[in-house]
Amino acid sequence: MTLAPAFAPVPPLAARARSIGGSPVRDILAVTARPEVINFAGGLPAPELFDAQGVAEAFGSVLAEASAQALQYSTTEGEPALRGALAARTAARGLPTDADDILVTTGSQQALSLLATALLEPGDVVLVESPCYLAALQVFAFAGARVVAVPGDGDGVDPDALEDLVVRERPKLLYTVPTFQNPTGRTMPAGRRAAVAAVAARRGLWIVEDDPYGELRFEGERVPWIASYEAAADRTVLLGSFSKVMAPGLRLGWLRAPAELRRACVVAKQAADLHTPTLNQLAAARYLADRDLDAHVARVAGVYRARRDAMLAGLAEALPEGSTWARPEGGMFLWARLPEPYDTTALLPQVVRHDVAYVPGAPFYAGAPDRTTLRLCFVTQTPEEIGEGLRRLGEGLRG
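Now for a look at the structure at hand. (Residues numbered from 1 in each chain as written. Predicted model: local features only at pLDDT ≥ 70, side-chain atom pairs only at ≥ 80, totals over all residues. Heavy atoms only, no water.)

### As for unusual backbone geometry
- Cis geometry is found at the peptide bond from S130 to P131, where omega equals 0°.
- Relative to the elements of secondary structure, P131 occurs in the loop between β3 (125-128) and α6 (134-142).
- In the segment running from E340 into P341, the intervening peptide bond is cis, with an omega of 5°.
- Here P341 shows up in the loop between β12 (333-337) and α12 (344-352).
- Phi is positive for F180, which is not a glycine, with a value near 55°.
- Its place among the elements puts F180 in the loop between β7 (173-176) and α8 (190-203). (Helix = DSSP H or I, 4+ residues; strand = E, 2+ residues; numbered from the N terminus.)

Printed below as a string of C-alpha cells:
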C-alpha cells in the first residue's frame, strides 16, 4: 500500500493582510451591480461625460509620433512633459511649482501608499478627519499606524482639538481632504486652513492634503490650498488626480512634496512599480497641450450641479423627518444623518430590495461610528433617475 505524501502547510499570510478587510464600498458595488439598481453608493464619475474622442486622439497622436518613447520604460519621477504641465497648472492656481516638485503616481491612491511607506513606522500615529476617506484608512492600517480621529464640525477639523492631539499623541501626519471632502462633501474655509497650517508649523507635523475633487466646483469661491500657506509650505504634501476630471482608467495621479520626502517616495515607487505607464503619461500631456481641460471640467461641473440640485430637491421627502444633510458647493457626494434610532448599515439590505443603494456612514469613521449617517453619490444618474432613486430610497427606509 502506497501512502500519499504528506505536505506541510504553506506559511500564513502577513498579519496585516489577515487583519485588514476589503473596502465596504467595493463590496456594496458588487452586490448592487444589477442594471435595475439606482446606485448612489459608488464614487465613480459619470462615464457619459468622459471626453473619449479627445483622449483617443491624444493616444493616437502619441503612438503615431513617438511610439518608441511611449512604449518604452520611463523614469520613476514621471515624463517631463507631464510633470511640466502639472507644475504649470498648479502654479496658475496660486502655488508656485516646478516640474521637479512633482512625482507622477499610478493614481493618487498610490501616492498615499508611497507616503505611508516613506513616513510611517508600525505604531506611529496618524491623525484623520472624522469621518474620513475610507481608502486612506485602509492605507494607514496596512502601514501598521494607529489612526486617531480629530474632532471637527461642518468646516472640517477643529484646530484647537488638532493641537491638543498633536501634543498628546505626537503623530507623524494629518491626512485631510479639505475641499468637497469624501464622504461629507464639506469644504474647509480659508481661515480654518490657515489655523491648521499654523498648528503644523508650531508643533511639528506633516500635512497630507488630498485634492481629487477641488476642480469640480459648482458655486462659491475657490479656497487656497493648505500647501500655499507659508507656515506649512515645508511640511505639506499636495495630492492630485486626473481620475475625476479626465478619466479614472488612466490611473494618473501626482504628489507635490518637499525634496527629501519626494525623493523617499521615488525610492518607494521604484520598489512598487518602477514607474507609471509611459503611454498614459504622454497621452495625458498631449491632451493638456491640445485640449482645454478647464473647459471640459466646467462642462462636467455644470452637469453635476444639476444632479446635485435634483438630489437636494428630493431629500426632504425621501428621508425620515428629523434628518439633516449638508449642501456641498461641488464634488460628488452628499452626507446625511438620520434621526435615532436609525442604523443605516442594518437598513441597507432592506433598501437594496427596493433597487436602490447608498453607502452606510459607519466604515468612514476611525473611531466610534455614527450609525445614523449615509453617503449619497449624485453624479452618475440623471436628475430623473435621481428622483426615482430617492422615491425608492424613501420606500426602503420606511420598510
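### Notes on the packing of helix α5 (residues 108-119) against helix α9 (residues 259-272)
- Close contact between α5 and α9 brings their axes to 9 Å; oriented N to C, the two are set at 110°. By the angle class used here, α5 and α9 are roughly perpendicular. Only L261, A264, C265, A268, K269 and A272 of α9 make contact with α5, whose side of the interface consists of Q110, L114, L115, T117, A118 and L119.
- Taken together, the residues of the contact of α5 with α9 break down into nine nonpolar, two polar and one charged. (Axes fitted to C-alpha atoms, helices over the stretch in contact; angles between N-to-C directions. Parallel < 35°, antiparallel > 145°, perpendicular 65-115°, else oblique. Contact = heavy atoms within 4.5 Å. Nonpolar A, V, L, I, M, F, W, Y, C, P; charged D, E, K, R; others polar.)

### Regarding the pattern of salt bridges
- With the rule as written, the count across this model stands at 29 salt bridges.
- Linking R286 and E65 is a salt bridge whose minimum nitrogen-to-oxygen distance equals 2.8 Å. Separated by 221 residues along the polypeptide, R286 in helix α10 (residues 278-290) and E65 in helix α3 (residues 52-70) bring together distant segments of the chain.
- Given the relative accessible area of 22%, R286 is considered partly exposed.
- Here the salt bridges share partners, and the residues they tie into one network are E219, R305, R308, D309 and R327. (Salt bridge = Lys/Arg side-chain N within 4 Å of Asp/Glu carboxyl O. Buried < 20%, exposed > 50% of the residue type's maximum accessible area, 1.4 Å probe, protein only.)

### Some remarks on the sheet that holds strand β8 (residues 206-210)
- Taken together, the seven strands give an open sheet; going across it, the order is β2-β10-β9-β8-β7-β3-β4, and neighbouring strands pair in mixed fashion. Whereas interior strands pair on both sides, the edge strands pair on one side only; in this sheet they are β2 (102-105) and β4 (146-149). Here the strands of the sheet are splayed against their neighbours by 20° on average, with no regard to which way each runs.
- Sheet analysis places β8 next to strand β9 (residues 236-241), joined by four bridges and oriented parallel. (Pairing = 2+ DSSP bridges.)

### A closer look at the packing of aromatic side chains
- Under the criterion given, the structure shown has six aromatic pairs.
- The structure contains a cluster of three or more aromatic residues connected by ring pairs, namely W335, F364 and Y365.
- It is R222 that lies over the ring of W225; its NZ or CZ is 4.5 Å from the centre. (Phe/Tyr/Trp six-rings, centres within 6.5 Å; stacked < 30°, edge-to-face > 60°. Lys NZ or Arg CZ within 6 Å of the ring centre and 35° of its normal.)

### Brief notes about α3
- Compared with an ideal rise of 1.5 Å per residue, which puts 19 residues at 27 Å, α3 spans 19 Å between its outermost C-alpha atoms and falls more than 12% short.
- When we look at burial in α3, the residues that qualify are G54, V55, A58, F59, V62 and A70. (Expected span 1.5 Å × (residues − 1).)

### Concerning the environment of A264
- Looking at the element boundaries, A264 is found in helix α9.
- Judged by relative accessible area, which is 31%, A264 ranks as partly exposed.
- For the pair A264 and A232, spaced 32 residues apart in sequence, the C-alpha separation works out to 19 Å.

### Side note on the pairing of strand β15 (residues 373-377)
- For β15, the buried fraction is high: five of the five residues fall into the buried class.
- Judged by which residues are buried, β15 turns out to be covered on both faces: T373, R375 and C377 on one side and L374 and L376 on the other are all buried.
- Pairing geometry for β12 and β15, over five bridges, is antiparallel. Note that in β15 the partner of L334 across the bridge is L376.
- Here strand β14 (residues 359-360) runs beside β15; their pairing, made up of two bridges, is antiparallel. Looking at the pairing, V359 lines up with R375 of β15.

### What to know about the nonpolar core
- Formed by 101 residues in total, the largest nonpolar core has its most connected members in F140, Y175 and F242.
- No other element matches helix α11 (residues 293-318), which puts 10 residues into this core.
- Those residues in contact with Y175 that sit more than four places away from it in its chain are L112, L127, V128, E129, C132, Y133, A136, F140, V208 and D210. (Core = buried A, V, L, I, M, F, W, Y, C linked by side-chain atoms within 4.5 Å.)

### Side note on the sheet that holds β12
- Pairing is antiparallel across the open sheet formed by four strands, whose spatial order is β11-β12-β15-β14. Each of the sheet's edge strands pairs with one partner strand only, and the pair in question is β11 (324-325) and β14.

### Thoughts on the environment of E129
- Its location among the elements puts E129 in the loop between β3 and α6.
- Sequence-wise, E129 and L347 are 218 residues apart; in three dimensions their C-alpha atoms are separated by 25 Å.
- Leaving out residues up to four positions away in the same chain, E129 has contacts with A149, V157, Y175, T176, V177, P178, Q181 and R186.
- There is a polar contact of 3.1 Å between the side chain of E129 and the backbone nitrogen of V177. (Polar contact = N/O pair within 3.5 Å; in protein donor to acceptor, adjacent residues only side chain to side chain.)

### Notes on the packing of α12 against helix α13 (residues 383-398)
- Between α12 and α13, whose axes approach to 8 Å, the crossing angle comes to 120°. Considering their axes alone, α12 and α13 lie oblique with respect to each other. In this structure, α12 crosses over α13, and the sense of that crossing is right-handed. Residues L347, Q350 and V351 of α12 lie in contact with α13, whose contacting residues are L393, G396, L397 and R398.
- A class-by-class count of the residues in the contact of α12 with α13 yields four nonpolar, two polar and one charged. (Left-handed = near helix turned anticlockwise from the far one by under 90°.)

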